[in-house]
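Inside the fold
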Amino acid sequence: MNEMKKTPTDNTIALRKGDFQNLAEALDYAAGGVTGINFYSGKGDLAAAVPYAQLRSMALSLARRLLGLGLPKGGRIALIADTNADFVRFFFACQYAGLVPVPLPAAVHLGGRQAYVDNLRKLVHASGAQAAMSSSSFFPFLSEAVAGLDLNHVGEPGYFDALPETDLPLQIPGSEDVAYLQYTSGSTRFPRGVVITQKVVMANLAGIIRHGLSVRPGDRCTSWLPFYHDMGLVGFLIAPMASQLSTDYLSTRDFAMRPRLWPALISKNRGTISYSPSFGYALCARRIRPTEIDQYDLSSWRIAGTGAEPIRPDILEQFARLLAPAGFTSRAFVASYGMAECTLAISFAPLDQGITIDRIDAEALTEEGIAVAVDGTARCGQAKELVFCGPALPGHEIEIRDDQGRALPERHCGVLHVRGPSVMTGYLGNPEATREVLSPEGWLNTGDLAYLADNQVVITGRVKDMIIINGRNIWPQDLEFLAEQMPGIRARDAAAFSISGSGDEETVVLVVQCRQLDETEREQLVEVLRGRVREEFGIDCRVELVPPHTLPQTSSGKISRTIARTDFLRRNQDLSQSPMKCAGENRT
Amino acid sequence: MSRAGYDEILAEVKKLLARFGKSREEIDEDAELVNDLELDSLLVMELVQEVEDMFDISFPLNDLSGIHTLKDFVLQIQKEIGA
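Residues numbered from 1 in each chain as written. Chains lettered and ligands numbered in written order. Predicted model: local features only at pLDDT ≥ 70, side-chain atom pairs only at ≥ 80, totals over all residues.

1. So, the overall build of chain A
- Of regular secondary structure, chain A possesses 18 helices and 26 strands.
- Since a compact globule built from 588 residues should have a radius of gyration of about 25 Å, the 24 Å found for chain A is in line with a globular shape.
- Taken along its principal axes, the extent of the C-alpha atoms in chain A is 70 × 60 × 55 Å.
- Taking all 588 residues of chain A together, the buried fraction comes to 51%.
- Across chain A, the fraction of contacts at a sequence separation of at least 24, relative to all contacts at a separation of at least 6, is 70%. (Helix = DSSP H or I, 4+ residues; strand = E, 2+ residues; numbered from the N terminus. Rg over C-alpha atoms; globule rule 2.2 N^0.38 Å. Buried ≥ 20, exposed ≤ 12 C-beta atoms within 10 Å, placed from the backbone. Contact = placed C-beta atoms within 7 Å.)

2. Focus on the sheet that holds strand 6 (residues 153-155) of chain A
Residues and elements named next belong to chain A.
- The four strands lie next to each other as 4-3-5-6, forming an open sheet whose pairing is parallel. Among the strands making up the open sheet, the edge pair consists of strand 4 (100-104) and strand 6. Averaged over all pairs of adjacent strands, the angle between their axes in this sheet comes to 20°, without regard to strand direction.
- Of the pairings in the sheet, the one linking strand 3 (residues 76-80) to strand 5 (residues 131-133) comprises three bridges and is parallel in character. (Pairing = 2+ DSSP bridges. Axes fitted to C-alpha atoms, helices over the stretch in contact; angles between N-to-C directions.)

3. Brief notes about the interface of chain A and chain B
- Taken together, the contact pairs 22 residues of chain A with 20 residues of chain B.
- Among the elements of the structure, helix 4 (113-127), helix 9 (252-257) and helix 16 (519-537) of chain A are those that each provide at least two residues to the side of chain A that touches chain B.
- Broken down by element, the residue count for the side of chain A that touches chain B peaks at four residues, all from helix 16 of chain A.

4. A word on the pairing of strand 14 (residues 345-348) of chain A
Residue and element names in this part refer to chain A.
- Taken together, the three bridges between strand 13 (residues 333-338) and strand 14 define a ladder with antiparallel strand orientation. Across the sheet, residue Y337 finds its bridge partner in strand 14, namely S347.
- Remark: six residues form the turn of the hairpin made by strand 13 and strand 14, two consecutive strands paired antiparallel; T343 in that turn has positive phi of roughly 65°.

5. Quick word on the sheet that holds strand 12 (residues 303-306) of chain A
All names here are of chain A.
- The strand order across the open sheet built from eight strands is 2-1-10-9-11-12-13-14, with neighbouring strands paired in mixed fashion. Because the sheet does not close on itself, it has two edges, and the strands there are strand 2 (46-51) and strand 14. The average angle at which neighbouring strand axes cross in this sheet is 20°, direction not considered.
- Sheet topology note: the strand 9 (residues 220-223)/strand 11 (residues 273-275) ladder contains two bridges and is parallel.

6. Quick notes on the confidence of the model for chain B
- Per-residue confidence for chain B averages 82 on the pLDDT scale, and 87% of its residues sit at or above 70.
- Among the prediction metrics, the complex's ipTM stands at 0.84, with pTM recorded as 0.86. (pLDDT = per-residue confidence, 0-100.)

7. Points about the packing of helix 1 (residues 23-30) of chain A against helix 8 (residues 230-242) of chain A
Residues and elements named next belong to chain A.
- At a closest axis distance of 8 Å, the pairing of helix 1 and helix 8 adopts a crossing angle of 60°. Our classification of the angle between helix 1 and helix 8 gives oblique. Of helix 8, the residues touching helix 1 (which contributes L23, A26, L27 and A30) are I238, M241 and A242.
- Residues of the contact of helix 1 with helix 8, tallied by class, amount to seven nonpolar, no polar and no charged. (Parallel < 35°, antiparallel > 145°, perpendicular 65-115°, else oblique. Nonpolar A, V, L, I, M, F, W, Y, C, P; charged D, E, K, R; others polar.)

8. What about the packing of helix 1 of chain A against helix 2 (residues 52-67) of chain A?
All names here are of chain A.
- Between helix 1 and helix 2, the least distance of the axes is 8 Å, while the angle of their chain directions is 135°. As the angle between them shows, helix 1 and helix 2 are arranged oblique. Note on element contacts: helix 2 touches helix 1 through Y52, L55 and R56, opposite L27, D28 and A30.
- For the contact of helix 1 with helix 2, the class distribution of residues is four nonpolar, no polar and two charged.

9. Some thoughts on the environment of Y249 of chain A
Residue and element names in this part refer to chain A.
- In this structure, Y249 sits in strand 10 (residues 246-250).
- Take Y249: there are 27 C-beta atoms within 10 Å of it, and that puts it in the buried class.
- Once residues lying within four places of it in the same chain are set aside, the contact partners of Y249 are I37, N38, F39, Y40, T83 and S223.

10. With respect to the pairing of strand 7 (residues 178-182) of chain A
All names here are of chain A.
- Of all five residues that make up strand 7, four are buried, and the element is covered over most of its length.
- With four bridges connecting them, strand 7 and strand 8 (residues 194-197) associate as antiparallel partners. Paired with L181 across the bridge in strand 8 is V195.

11. Comments concerning helix 10 (residues 261-269) of chain A
All names here are of chain A.
- With seven of nine residues buried, helix 10 is to be regarded as a mostly interior element.
- Regarding helix 10, the residues found buried are L261, W262, P263, L265, I266, S267 and N269.
- Count one or two residues on from helix 10 and you reach R270, which has phi positive near 55°.

Given below as structure tokens:
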């Protein structure tokens, strides 16, 4: 039997750093070489190896079948973005067929069937997809989700492969045509599809490949990041393809189950570039067996990137210390900053320097919004350590603005705005939401609080009250909505926010105004609500029941989450010992 | 599948849950893993990994979406072992 072979690291064609007109042209070029993509199983074995040449010919063949569906140019196809070769093949087939792929989540929580199906249904509907594909493992969910929606073609890969191959001309997109839709941002109730054109994605890719990562011959990528997030899709599917690098994939589920597969795979294949939010490094460090460490050789890993959630230097340091005997160097850490609305990347810290910290006066930041550097002797309580995330990518401008929209000088904290060729054209079919974040002059309001120091971005928090758990954005509105669905709870009776918990974790808090006085009923409400949150989001949360009129309202009648949070902390000053213990339990 | 197989699996899973600090003295088969035992998504993955290694099965993860109680979970493991 022929043993399957992974695609090689060294290529036979010259490295081109993403300087293409569109994704189809990038794949055409990559197909001239021998590199490609590789999928590994949960046991760490190679399950599929697809050289770019083969990917291209499969994508072309599929494109000719998809053309026969008679969808209009720019028509959208929803693709459940499971980590497998079928998703990738469909994604690139769309590029040749003039269709727009819409990657959708492939993640379902324990007992979360209904929540996942409902979410898929909203996304398929919002995207206006006319066809939808899922590989077999997620197909039952998709099939249920699209029931009653007006989709003509819903199937597993085999359904589309059985369509006749037409000789209709391929529809190579122009630079203004949409390359894909990304539903990373936005709440589950009101999804927002980021529209990324060919020109925009190519601009960001060039920035990532040339400047952010300085890709060079001999690089090889490793990723377990989901294809339905910008970091997985753009950073580790499209960017390696557009720079003709081989990539090794683990599915996100397999990583979550067996995080040790990640360093093992990098060791085995001599990977050089891999990214993870802080939580992935923490998970890996927690589950690694000390006896295994000397079997690893991580000396090839030159870029250990991090982003997507607040960067935790302590977690990264711990990971580096643990894996130093395996040749890992903390100089490999690269802090980066970006978001789907700017394709993926906005800034990268300089390579080979590791995490660089700005130690500033915590009080001056809170009180005056100014980042005053303090020297090493300041007491811990007074100093705050934040991470330098590098300068904006070339061709991009960053402005930090105050709440009146005035640009602020260095070391003054405000809202980060970015302008440049990687910024999205808007949210699909939602001019109002688009206007809220994108000015006519092309400035994107990122909603992130930041300051610039030595021209580098330093993120201090978020304006929108976004909750970020394990690299995932969770909208407080979605949690509050769950609370408001409970019997006896009304609109504007709930406020959700996060607080720093013990150790690594952020803890989600839901404060709910409750008129029920019966203690048993109250306890049950708390338990049911916590269960609903776990089913829908897979996270634990703390629920506090408070009397009506407790939650602070703004002048426009909205609940102020910031003040609700401050009030909550004041009411619960003993929380630091046991942040997960819920308010409902404290009384018993 | 025999009842004996079920009880055996149940006992092993309870031991695992205890290791996660997620076990009460008298854990009920009808206890909901998420609601009553407070397993978050990362702990679920760790539990599944332990179960897979212990019984040498490969759990179809998408079946997890329909599992609510400890009993559901044990029955699914039993099914996988028999498969």
